[in-house]
Amino acid sequence: MRILGIDPGSRITGFGVIEKTGSKLAYITSGCIRSGADDLPGRIRSIFEGLREVIAEQRPDEAAVEKVFVNVNPQSTLMLGQARGAAICAVVDAGVAMSEYTALQVKQAVVGKGHANKEQVQHMVIRLLRLSGAPSADAADALACAICHAHGGLGFGIGQVERGYRMKNGRLS
């Protein structure tokens, strides 16, 4: 199964593609779509078109998109939501099945700690995918989202809620 992970951003949107064969994960590609200094509609178009191109080239079976977190600045949160909407539209337009994960779920699945920092996520992505170099922070976040999805969203406690457990502060109880 080929999985596209997306870390949406209004200026930089990270993407990462991995392949899952049995329980093994393999790195395919990753990068960033830089939407430049255009006005917001121009940036949204860049994200949409850039992801459509990635999807056409890589032909993922499924996609995983990081959910928006509520920022201190409401304007930033709205812009991030619009970038995320462009990413979702590109995935849906291509007919690719999509799942969504919070940053906490992604970090829990990849690092084992829901409040891990960016460096810890990047380090674990390098280890899990056996990369020779470090991807950019945005690409690493997108790869982490794809890894979370590859674990079925069940890795390291995620999804256990359905089995009679509940999540509180990133921990099972």
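1. Quick look at the overall build of the protein chain
1) Next: A tally of regular secondary structure across the protein chain gives five helices and seven strands.
2) Next: In the protein chain, which comprises 173 residues, the share counted as buried stands at 43%.
3) Next: A fraction of 58% describes how many contacts in the protein chain between residues 6 or more apart in sequence connect residues 24 or more apart.
4) Next: Surface summary for the protein chain: the accessible area is close to 9000 Å², and the carbon and sulfur share equals 51%.

2. Side note on the pairing of strand β3 (residues 24–34)
1) Next: For strand β2 (residues 12–21) and β3, the ladder comprises 10 bridges, and the chain directions are antiparallel. Among the inter-strand pairings, I18 is bridged to a residue of β3, identified as Y27.
2) Next: As consecutive antiparallel partners, β2 and β3 are separated by two residues, and within that stretch G22 has a phi angle of approximately 65 degrees, a positive value.

3. Details of the pairing of strand β1 (residues 2–7)
1) Next: In terms of residue burial, β1 counts as a mostly covered element, since six of its six residues are buried.
2) Next: Pairing of β1 with β2 involves six bridges; the strand directions are antiparallel. Within the sheet, the bridge partner assigned to I3 lies in β2 and is I18.
3) Next: The antiparallel hairpin formed by β1 and β2 contains four residues in its connecting segment.

4. Things to note about the packing of helix α3 (residues 103–110) against helix α5 (residues 137–150)
1) Next: Between α3 and α5, whose axes approach to 9 Å, the crossing angle comes to 75 degrees. Overall, the two elements α3 and α5 adopt an arrangement that is roughly perpendicular. Contacts between α3 and α5 involve Q105, V106, A109 and V110 from the former and A144, C145, I147 and C148 from the latter.
2) Next: Considered class by class, the residues forming the contact of α3 with α5 number seven nonpolar, one polar and no charged.

What counts, and where the lines are drawn
- Residues numbered from 1 in each chain as written.
- Predicted model: local features only at pLDDT ≥ 70, side-chain atom pairs only at ≥ 80, totals over all residues.
- Heavy atoms only, no water.
- Helix = DSSP H or I, 4+ residues; strand = E, 2+ residues; numbered from the N terminus.
- Buried < 20%, exposed > 50% of the residue type's maximum accessible area, 1.4 Å probe, protein only.
- Contact = heavy atoms within 4.5 Å.
- Areas by Shrake-Rupley, 256 points an atom, 1.4 Å probe, with all protein chains shown as cover.
- Pairing = 2+ DSSP bridges.
- Axes fitted to C-alpha atoms, helices over the stretch in contact; angles between N-to-C directions.
- Parallel < 35°, antiparallel > 145°, perpendicular 65-115°, else oblique.
- Nonpolar A, V, L, I, M, F, W, Y, C, P; charged D, E, K, R; others polar.

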